[in-house]
Amino acid sequence: MNLFHGIILGIIEGVTEFLPISSTAHLILFSHILNIPQNDFQKLYEVVIQGGAILAVLFLYFRSLLQERFLWPKIITAFFPTAFFGFIFYRLIKKIFFEKQILILTSLFCIGLIFIVAEALVKKRKISLRKKLVDLNFLNALLVGLFQSLAIIPGVSRAGIVILAMLLLGFKREEAAIYSFFLAVPTILSAVVYDLYQNRDLLSIVNANQIQILIVGTFVSFITALISVKWLVFFLKKNSLTIFGWYRIIFSIVYFLQFALL
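Let us look at the structure shown here. No experiment lies behind these values; they were computed from the predicted model shown.

## Considerations on the overall build of the protein
Of the regular secondary structure elements, the protein holds 13 helices and zero strands. Secondary structure elements in the protein, listed N-terminal to C-terminal, are α-α-α-α-α-α-α-α-α-α-α-α-α. Taken over the C-alpha trace, the protein has a radius of gyration of 18 Å; the compact-globule value for 262 residues is 18 Å, and the two agree within 12%. Projected onto the principal axes, the alpha-carbon positions of the protein cover approximately 55 × 45 × 35 Å. Across the 262 residues in the protein, those meeting the buried criterion constitute 50%. Taking contacts inside the protein between residues at least 6 apart in sequence as the whole, the part at least 24 apart equals 84%. Accessible area for the protein stands at about 13000 Å²; split by element, carbon and sulfur atoms hold 69% of it.

The following block contains the structure:
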């Protein structure tokens, strides 16, 4: 893995981490296209650059998080199921889930299809999107957390499943997106810290060139995540999730062709 690879993957991480399209699936696919070997450093790199994406959220929403303290207990409530299942199934996730391309492909396709169906129900007024974050209660938060725990399956998309859950609960799309950003802070930070702890032996043997790649990739992830986060909130104020649903379906087909036929 070289600096060019690091920049490309940093861009992909920053752009896709908070969009409902699965950053994991995109990183795996583009690593395959770029012929990046799946070694320990590459796996470490994918963990570290998530920190850049989280810094983007903190940069944009730190003041909001301080002001809206009523959300903190609900963020913790929603975080707990993911933390529990992520810890229990950590080895299964890393050793098996991430190696099963059919699982990733199926997740991409099925969640995309659910997006389209959910938005069709909204259009038919079967689901009314009126709620704001001030309307979020502990039961809602727990349900969102249970949905988010499904994101331990690669291809589901943590951001996507959170936004979908809140859509089904009647929250406005942009409000759901913002809550997914807030919930990402403890969720991704804890995952990064735990992954780094599990790979602490590797940290001691990283060379100067690899450190440079980590720093550049994290910075690129931070910058592109800033743009992606601001764009998503702007987009969802006037548009639906349908385009992301179709994107996921098309991407799953591309994903299949890349891994199965080439």
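## With respect to a nonpolar patch on the surface
Together, Phe80, Phe84, Phe87, Ile88 and Phe89 make up an exposed nonpolar region whose accessible area comes to about 530 Å². Following the sequence through the fold, phenylalanine 89 ends up in the loop between helix H5 (72–88) and helix H6 (90–95). Classification of phenylalanine 89 by relative accessible area gives partly exposed; the value is 32%.

## Some remarks on the packing of helix H1 (residues 3–16) against helix H2 (residues 23–33)
Put simply, H1 and H2 touch, their axes get as near as 9 Å, and they point 160 degrees apart. The orientation of H1 relative to H2 falls into the category roughly antiparallel. Between H1 and H2 lies a crossing whose hand is right-handed. Counting all contacts with H1, which are made through Leu9, Ile12, Glu13 and Thr16, the residues of H2 involved are Ser23, His26, Leu27, Phe30 and Ser31.

## Details of the pattern of salt bridges
Inspection of the entire model under this criterion finds one salt bridge. Glutamate 119 is paired through a salt bridge with arginine 173; the nearest N and O atoms lie 2.8 Å apart. One end of the pair, glutamate 119, is in helix H7 (residues 101–123); the other, arginine 173, is in helix H10 (residues 173–198), and 54 residues separate them in sequence.

## Some points on the environment of serine 190
Its place among the elements puts serine 190 in helix H10. Here serine 190 falls in the partly exposed class, since its relative accessible area comes to 31%. When the C-alpha atoms of serine 190 and phenylalanine 79 are compared, they prove to be 10.0 Å apart, with 111 residues separating the residues in sequence. Reaching out from serine 190, the side chain makes a polar contact with the backbone oxygen of proline 186 at a distance of 2.7 Å.

## As for the side chain of glutamine 148
When you line up the elements, glutamine 148 lands in helix H8 (residues 138–148). Glutamine 148 gets classed as buried once you look at its relative accessible area, which sits at 0%. A distance of 3.3 Å separates the side chain of glutamine 148 from the side chain of threonine 187, its partner in a polar contact. The contact partners of glutamine 148, leaving out residues within four places of it in the chain, are Ala78, Phe79, Thr82, Arg158, Ile161, Val162, Leu183 and Thr187.

## Topic: helix H3 (residues 40–48)
Taken residue by residue, H3 has Phe41, Gln42, Leu44, Tyr45, Glu46 and Val47 as its buried positions. Turning to H3, the residues buried within the fold contact H1, H2, helix H4 (50–67), H10, helix H11 (200–203) and helix H12 (208–236). A distance of 3.3 Å separates the backbone nitrogen of phenylalanine 41 from a side-chain oxygen at the start of H3, and that oxygen is part of asparagine 39.

## A word on the nonpolar core
If you look at the biggest cluster of nonpolar residues, it comprises 53 residues, and the most contacted ones within it are Phe18, Met166, Tyr179 and Phe181. Looking at this core, the elements that each hand over two or more residues are H4, H5, H7, H8, helix H9 (158–168), H10 and H12. Examining the composition of this core, we find that eleven residues originate from one element, H10, more than from any other. Look past the residues within four positions of phenylalanine 181 in its chain and what remains in contact with it is Phe18, Val57, Tyr61, Val229, Leu232 and Val233. With twelve residues, the next largest nonpolar core counts Ile12, Leu27, Tyr45 and Leu202 among its residues.

## Structural notes on the packing of aromatic side chains
Any two aromatic rings considered together are summarised by their centre-to-centre distance and by the angle between their planes. As enumerated under the stated definition, the model contains twelve aromatic pairs in all. Measuring from ring centre to ring centre gives 4.8 Å for tryptophan 231 and phenylalanine 235, while their planes differ by 25 degrees; the resulting arrangement is stacked. Highlighted residues: tryptophan 231 and phenylalanine 235, both in helix H12, separated by four residues, approximately one helical turn. Classification of tryptophan 231 by relative accessible area gives partly exposed; the value is 38%. Through a chain of ring-to-ring contacts, the aromatic side chains of Phe18, Tyr61, Phe181 and Phe182 assemble into a single cluster. The ring of phenylalanine 115 has arginine 248 sitting right over it, with the charged end atom 5.7 Å from the ring centre.

The rules we used
- For every chain, the first residue of the written sequence is number 1, and numbering continues from 1 along that sequence.
- Selection of residues for local features in this predicted model requires a pLDDT of at least 70, selection of side-chain atom pairs for listing and counting requires 80 or more, and totals for whole chains, interfaces and linings are taken over all residues.
- Neither water nor hydrogens contribute to the side-chain values; these are computed over all heavy atoms in the structure.
- What counts as a helix is a DSSP run of H or I of at least four residues, what counts as a strand is a run of E of at least two, and both are numbered from the N terminus.
- Computation of the radius of gyration draws on C-alpha atoms alone. For the globule rule, the value is 2.2 Å times the number of residues to the power 0.38.
- Only protein chains enter the accessibility calculation, which uses a 1.4 Å probe; a residue whose area is less than 20% of its type maximum is buried, one above 50% is exposed, and one in between is partly exposed.
- Pairs of residues are marked as contacts when any of their non-hydrogen atoms sit within 4.5 Å.
- Note on areas: these come from Shrake-Rupley sampling with a 1.4 Å probe, and a residue is covered only by the protein chains present in the view.
- Candidates for patches are residues over 30% relative accessible area with no salt bridge; among them, like charges are joined within 9 Å and nonpolar side chains (Val, Leu, Ile, Met, Phe, Trp, Tyr) within 5 Å.
- Whenever Lys or Arg places a side-chain nitrogen within 4 Å of a carboxyl oxygen from Asp or Glu, that contact is recorded as a salt bridge.
- Axes here refer to lines fitted to C-alpha atoms; in helices the fit is confined to the stretch in contact. Angles between the N-to-C directions go from 0 to 180 degrees.
- Under this scheme an angle from 65 to 115 degrees is roughly perpendicular, one under 35 degrees roughly parallel, and one over 145 degrees roughly antiparallel; angles in between are oblique.
- Handedness of a helix crossing follows the sense of rotation of the near helix relative to the far helix, less than a right angle counterclockwise being left-handed and clockwise being right-handed.
- Two N or O atoms form a polar contact when they lie within 3.5 Å of each other; inside protein one atom must be a possible hydrogen donor and the other a possible acceptor, and for residues adjacent in sequence the pair counts only when both atoms belong to side chains.
- Residues grouped as a nonpolar core are buried Ala, Val, Leu, Ile, Met, Phe, Trp, Tyr and Cys residues, joined through side-chain atoms within 4.5 Å.
- For Phe, Tyr and Trp, where Trp contributes only its six-membered ring, two rings pair if their centres lie within 6.5 Å, and the inter-plane angle classes them as stacked under 30 degrees, edge-to-face over 60, or tilted in between.
- Placement of a positive charge over a ring is assigned whenever Lys NZ or Arg CZ falls within 6 Å of the ring centre and within 35 degrees of the normal to the ring plane.

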